[in-house]
Amino acid sequence: MSKIKKISFKALSAVLSVIMAFSFIAYRPHRITTAADDKDLRAMADEIIIMVNEARTEAGLKPLKAVPYLNDKARERARETIFDFSHYRPGRRVYYLTAESIFTLESTDDEKTQNVYNELVGRNCFAEWNEDMTSFRVDERKTEAVEEVLIGEDVGYSYTVTTTGLDKLLAEKEYNVTWSEDNKSFSVDKKYETAVTKLMKETGIKFSVGDLFITIIDSSLIPYTRAAENIAAGFDNAQDTFNQWKNSPVHWKAIMNPDYTHIGVGVAHEKDSEFRYYWEQFFVTVDGELNDQYIPESQKTVPVGSGDINGDSEINSFDLITINRYLAKETELNDLQKESADLLKDGVITSADAVVLRKYILGEYQEIPMTMDMLLGL
């Protein structure tokens, strides 16, 4: 994997909550097979990836590259949806807090209040004022800047932080809360979710509930900047499941998003469960290449020797176009194609291989593959 700057999961949480595709379940009855082994489920997952890329290609979008690690995690997520068919992982919920300082102004005239208002706007404090302009709230990180403004305008004030005492309040409720090291988030057993959410709203603390599906992916292995998932259940074959997503605008938007670069798909089967078949798609944006990435093919291209990169048994400009598209990262080659495209037999495919192929097609070279010694006339 290329070395790419890691992106903090917390910095991504807001983005993920927006772009996440919501679940869609097919309830109509369908024929269910009695058993499915792991090999069958993996093949069904690859079918989905092929359909996704065919649809993207038809729309003029780049195909998504599959990654074995993402496929493994997608299978794991698919099994989790057997027990909790949602974008949350089974077990606990994570609450991300936005601590705010609530400033209350002492008696002041309209002119000073207006000056304070203008200064806060100028400093990008994004204050939320109450109706009578006697108090406002800002992100806790802006507290120091706000105090400078108020002192400069000689305005008396007091303030409190919204999250102060929350830890004790939750402890009193015996919700079995686990806090993060920086105290900016906490997790709680799923059974307390409704009660905790109500408590947070009553105390006026801003929060977001983590889109926990993404926590299954190790961001040090998949350094994503955007991520989403589609889930489905009820069908025992790839085509019907793909159509299920295609007929859902939200899911289809994720499939056709031009920003995504890689995909992972998994299928789980549990004959005694409600829907029996469970399907999962991961979409991620990664700035670079990932280990073992590949693009599944409905029919594997099999070259007939060196230079026949597109597998049509001829060596012509179409093969040159294919290798140039590969070098431009516009397409992927399977292992046999890579062997055919390595015209210098040095273990890598570069522009030099494209030059050799072009000169062979033009008749300047009489045979391929070649070696550097052959090129240098040694």
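See the structure shown above.
Attention in this report is confined to the structure presented alongside it. (Residues numbered from 1 in each chain as written. Predicted model: local features only at pLDDT ≥ 70, side-chain atom pairs only at ≥ 80, totals over all residues. Heavy atoms only, no water.)

1. As for the sheet that holds strand β8 (residues 185-189)
Thinking step 1. Ordered in space as β7-β8-β2-β9, the four strands form an open sheet in which the pairing is antiparallel. Sheet topology places β7 (178-179) and β9 (206-209) at the edges, where each strand pairs with a single neighbour.
Thinking step 2. The pairing of strand β2 (residues 92-98) with β8 spans five bridges and is classified as antiparallel. Paired with arginine 93 across the strands is valine 188, a residue of β8.
Thinking step 3. Running over the sheet, helix α7 (residues 193-203) touches β2, β8 and β9 and is turned about 10° from β2. (Pairing = 2+ DSSP bridges. Helix = DSSP H or I, 4+ residues; strand = E, 2+ residues; numbered from the N terminus. Contact = heavy atoms within 4.5 Å. Axes fitted to C-alpha atoms, helices over the stretch in contact; angles between N-to-C directions.)

2. Description of the packing of aromatic side chains
Thinking step 1. This model, assessed by the stated rule, comprises 15 aromatic pairs.
Thinking step 2. Consider the rings of tryptophan 179 and phenylalanine 186, whose centres lie 5.1 Å apart with planes at 50°: the pair is tilted.
Thinking step 3. On the numbers, 6.3 Å between centres and 75° between planes, the contact of phenylalanine 275 with tyrosine 278 is edge-to-face.
Thinking step 4. Taking the relative accessible area as the measure of exposure, phenylalanine 275 reaches 11% and is therefore buried.
Thinking step 5. Taken together, the ring pairs connect Phe103, Tyr117, Trp129, Phe136, Tyr157 and Tyr159 into an aromatic cluster. (Phe/Tyr/Trp six-rings, centres within 6.5 Å; stacked < 30°, edge-to-face > 60°. Buried < 20%, exposed > 50% of the residue type's maximum accessible area, 1.4 Å probe, protein only.)

3. Topic: the environment of threonine 241
Thinking step 1. Within the secondary structure, threonine 241 sits in helix α8 (residues 238-246).
Thinking step 2. Through-space distance from the C-alpha of threonine 241 to that of tyrosine 278 is 9.5 Å; in sequence the pair is 37 residues apart.
Thinking step 3. Sequence-distant contacts of threonine 241, defined by excluding residues within four places in its chain, comprise Ile48, Ala232, Phe235 and Trp279.

4. Observations regarding the nonpolar core
Thinking step 1. With 25 residues, the main nonpolar core has Ile48, Val52, Ile263, Val267, Trp279 and Phe283 as its most contacted residues.
Thinking step 2. Those elements that provide at least two residues to this core are α2 (38-58), β10 (226-233), α8, α9 (249-255), β11 (262-269) and β12 (277-285).
Thinking step 3. With eight residues, the top contributor of residues to this core is α2.
Thinking step 4. Setting aside residues up to four positions removed in sequence, isoleucine 48 forms contacts with Ala238, Thr241, Phe242, Trp245, Val265, Trp279 and Gln281.
Thinking step 5. By size, the runner-up hydrophobic cluster in this structure holds 14 residues, among which are Val67, Leu70, Ala74 and Leu290. (Core = buried A, V, L, I, M, F, W, Y, C linked by side-chain atoms within 4.5 Å.)

5. Here we look at helix α4 (residues 110-122)
Thinking step 1. Between the first and last C-alpha of α4 there are 18 Å, a value that for 13 residues agrees with the 18 Å anticipated at 1.5 Å per step.
Thinking step 2. Listed in full, the buried residues belonging to α4 are Thr113, Val116 and Leu120. The arc that holds every buried residue of α4, seen down its axis, measures 60°, which confines them to one face. Of the exposed residues in α4, the ones pointing more than 90 degrees away from its buried face are Asp110, Glu111 and Gly122.
Thinking step 3. Of the surrounding elements, those touching the buried residues of α4 are β4 (128-129), β5 (135-139) and α5 (143-152). (Expected span 1.5 Å × (residues − 1). Arc of directions from axis to C-beta.)

6. Details of the packing of helix α10 (residues 317-327) against helix α12 (residues 351-361)
Thinking step 1. Viewed as axis vectors pointing N to C, α10 and α12 meet at an angle of 170°, and their least axial separation amounts to 10 Å. Judged by the angle between their axes, α10 and α12 are roughly antiparallel. For the pair α10 and α12, contact is made by Ser317, Asp319, Leu320, Ile323, Asn324 and Leu327 and by Ser351, Asp353, Ala354, Leu357, Arg358 and Ile361, respectively.
Thinking step 2. Taken together, the residues that form the contact of α10 with α12 break down as six nonpolar, three polar and three charged. (Parallel < 35°, antiparallel > 145°, perpendicular 65-115°, else oblique. Nonpolar A, V, L, I, M, F, W, Y, C, P; charged D, E, K, R; others polar.)

7. Re the packing of helix α6 (residues 166-173) against α7
Thinking step 1. Closest axis-to-axis distance for the α6/α7 pair is 12 Å, and the angle between their directions is 145°. The two elements α6 and α7 cross, and the hand of that crossing is right-handed. Contacts between α6 and α7 involve Leu166, Leu169, Leu170 and Lys173 on the former and, on the latter, Leu199, Met200 and Thr203.
Thinking step 2. The residue inventory of the contact of α6 with α7, partitioned by class, reads five nonpolar, one polar and one charged. (Left-handed = near helix turned anticlockwise from the far one by under 90°.)

8. Notes on the environment of proline 90
Thinking step 1. Here proline 90 is to be found in the loop between α3 (68-83) and β2.
Thinking step 2. Look at proline 90 and you get partly exposed, because its relative accessible area is 38%.
Thinking step 3. Sequence-wise, proline 90 and leucine 212 are 122 residues apart; in three dimensions their C-alpha atoms are separated by 9.1 Å.
Thinking step 4. Those residues in contact with proline 90 that lie beyond four places of it in its chain are Arg77, Glu80 and Asp84.

9. Some remarks on the sheet that holds β10
Thinking step 1. Strand order in the open sheet made by the four strands is β1-β11-β12-β10, with mixed pairing throughout. Across the chains shown, the open sheet's two edge strands, defined by having one partner strand only, are β1 (65-66) and β10.
Thinking step 2. Contacts between α2 and the sheet are confined to β1, β11 and β12, with β11 contributing the most and set at about 140° to the helix.
Thinking step 3. Packed on one face of the sheet, α8 meets β10 and β12 and runs near 120° to β10.

10. Some details on the side chain of arginine 89
Thinking step 1. You can see arginine 89 is positioned in the loop between α3 and β2.
Thinking step 2. Among the polar contacts listed, one links the side chain of arginine 89 to the side chain of glutamate 80, at a separation of 2.7 Å. (Polar contact = N/O pair within 3.5 Å; in protein donor to acceptor, adjacent residues only side chain to side chain.)

11. What about the pattern of salt bridges?
Thinking step 1. Considering all chains together, one arrives at 18 salt bridges under this definition.
Thinking step 2. The shortest N-O distance in the salt bridge between lysine 65 and glutamate 289 comes to 3.5 Å. Of this pair, lysine 65 sits in strand β1 while glutamate 289 sits in the loop between β12 and α10, and the two are 224 residues apart along the sequence.
Thinking step 3. Look at glutamate 289 and you get partly exposed, because its relative accessible area is 28%.
Thinking step 4. With its nearest N and O atoms 2.5 Å apart, the salt bridge here joins glutamate 128 to lysine 206. Residue glutamate 128 is located in strand β4, and its partner lysine 206 is located in strand β9; the two are separated by 78 residues in the primary sequence.
Thinking step 5. Given a relative accessible area of 40%, glutamate 128 falls into the partly exposed group.
Thinking step 6. A cluster of three or more residues bridged by salt bridges with shared partners is formed by Lys73, Glu76, Arg77, Glu80, Arg89 and Glu229. (Salt bridge = Lys/Arg side-chain N within 4 Å of Asp/Glu carboxyl O.)

Geometry only, nothing functional implied.
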